[in-house]
Amino acid sequence: MKARDAILGRIRVALREMAPIPPAGARGEVFPPLSPDELLPRFEREFAALKGSFHCVASLEEARARLAELAATRGWGRLAFSPDDGVAPLAANLPGARVLELGEGGAWLDAFDAGVTGCDALVARTGSIALTAQSGFGRALSVLPPAHVVVARRAQLVAEIADALSRLASRYGRSWPSMVSFITGPSRTADIEKILVLGAHGPREIHLLFVNA
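First things first, this report covers the structure right here in the doc. Note that this is a predicted model, so its numbers are computed, not measured.

Topic: the sheet that holds strand β3 (residues 97-99)
- Spatially, β1-β12-β7-β4-β2-β3 is the arrangement adopted by the six strands of the open sheet, whose pairing is parallel. In the strand order of this sheet, the two ends are held by β1 (53-57) and β3, each with one partner. Averaged over neighbouring strand pairs, the angle between their axes works out to 20° when direction is ignored.
- In the sheet, β1 pairs with strand β12 (residues 205-211) via five bridges, with the strands oriented parallel. Bridge pairing in β12 places His55 opposite Leu209.

This is how it looks when you write it as structure tokens:
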């Protein structure tokens with residue numbers, strides 16, 4: 001008997017037997033739901049595990065001071081700011097800061113050391129930042145500069161990605177922005193020799209200024 005006939009014979013025998021029916025899966029949530037008190041510590045823990053830098057501040061004024069410290073310690077000489085009302089005030093009296101105007105953007109933004117944007121939501125379960133072309137002032141500001149600073153508030157904190165998507169649907173209705181992104185830590189890759197490299201396809205570092213008010 002040829003090897004081919006032997007293999008096909010075993011397949012025929014196996015097909016005569018009924019495959020066992022797997023037991024029904026457990027019903028309910030895959031992960032236990034997060035309580036409101038768990039959201040902030042869970043987000044902070046997941047965000048830090050992804051090599052994000054979490055900065056909790058009490059007000060926009062404190063956020064401005066913390067950003068000035070970051071710029072000094074990280075050596076950021078040029079910072080590009082979204083003109084969003086919750087972001088642009090942080091540029092006041094900060095050397096090298098520029099608040100972008102409507103229509104500005106594009107490849108020249110890589111000349112800046114950091115881009116400062118808002119966001120749409122923070123996902124506690126995964127430590128992710130939900131960002132759109134509207135909240136991020138286009139697609140380039142959060143991607144081209146080597147550092148990304150996000151300004152967020154407690155009201156933007158949600159438990160799950162599904163909650164963030166529901167929030168986006170409520171905000172944008174039938175007119176969604178051209179880009180929706182869930183940023184989960186700095187850009188990274190391990191394609192070469194399985195060595196983790198940050199900044200391969202975007203910012204090498206990400207900082208969150210969390211205004212806890």
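Next comes the rest of the description.
Section: helix α2 (residues 36-49)
- An ideal rise of 1.5 Å per residue puts 20 Å on 14 residues; α2 measures up with 21 Å between its terminal C-alpha atoms.
- Buried within α2 we find Leu39, Leu40, Arg42, Phe43 and Phe47.
- At its buried positions, α2 is contacted by β1, β5 (121-123), β6 (128-132), β8 (157-158) and β12.
- The positive-phi residue at the C-terminal boundary of α2 is Lys51, with phi of around 70°.

Here's the deal with the pattern of salt bridges
- The tally for this structure, following the rule as stated, stands at five salt bridges.
- The partner of Glu46 in a salt bridge is Arg42, with the nearest N and O atoms 3.0 Å apart. Taken together, the positions of Glu46 and Arg42, both in helix α2 and four residues apart, correspond to about one turn of that helix.
- In this structure, Arg125 engages Glu160 in a salt bridge whose closest nitrogen and oxygen atoms are separated by 2.6 Å. Of the two residues, Arg125 is situated in the loop between β5 and β6 and Glu160 in the loop between β8 and α4 (161-172); the sequence distance between them amounts to 35 residues.
- Classification of Arg125 by relative accessible area gives buried; the value is 11%.

Here's the deal with a nonpolar patch on the surface
- Taken together, Ile161, Leu165, Trp176 and Val180 make up a surface patch of nonpolar side chains, about 310 Å² in accessible area.
- Summarising the element assignment, Ile161 is placed in helix α4.
- Using a relative accessible area of 36% as the deciding quantity, one classes Ile161 as partly exposed.

About the thresholds
Residue numbers here run from 1 along each chain, matching the order of that chain's written sequence. Restriction of local features to residues with pLDDT of at least 70 applies here, the model being predicted, together with a cutoff of 80 or more for giving and counting side-chain atom pairs; totals for whole chains, interfaces and linings are based on all residues. Each side-chain value is worked out from all heavy atoms of the structure, with water and hydrogens disregarded. When DSSP finds two or more bridges between two strands, those strands count as paired. Going along the chain from the N terminus, every DSSP run of H or I of four or more residues is numbered as a helix, and every run of E of two or more is numbered as a strand. Axis definition: a line fitted to C-alpha atoms, over the contacting stretch in the case of helices. Angles run 0 to 180 degrees between N-to-C directions. By this rule the span expected of a helix is its residue count minus one, scaled by 1.5 Å. The classification of residues rests on relative accessible area computed with a 1.4 Å probe and restricted to protein chains. Under 20% of the type maximum is buried, over 50% is exposed, and intermediate values are partly exposed. Only heavy atoms enter the contact rule, under which two residues are in contact if any of them lie within 4.5 Å. Any carboxyl oxygen of Asp or Glu within 4 Å of a side-chain nitrogen of Lys or Arg constitutes a salt bridge here. Residues enter patches when their relative accessible area tops 30% and they take part in no salt bridge; the joining distance is 9 Å for like charges and 5 Å for the nonpolar side chains Val, Leu, Ile, Met, Phe, Trp and Tyr. The Shrake-Rupley method, run with a 1.4 Å probe sphere, supplies the accessible areas, and residue values consider only the shown protein chains as cover.

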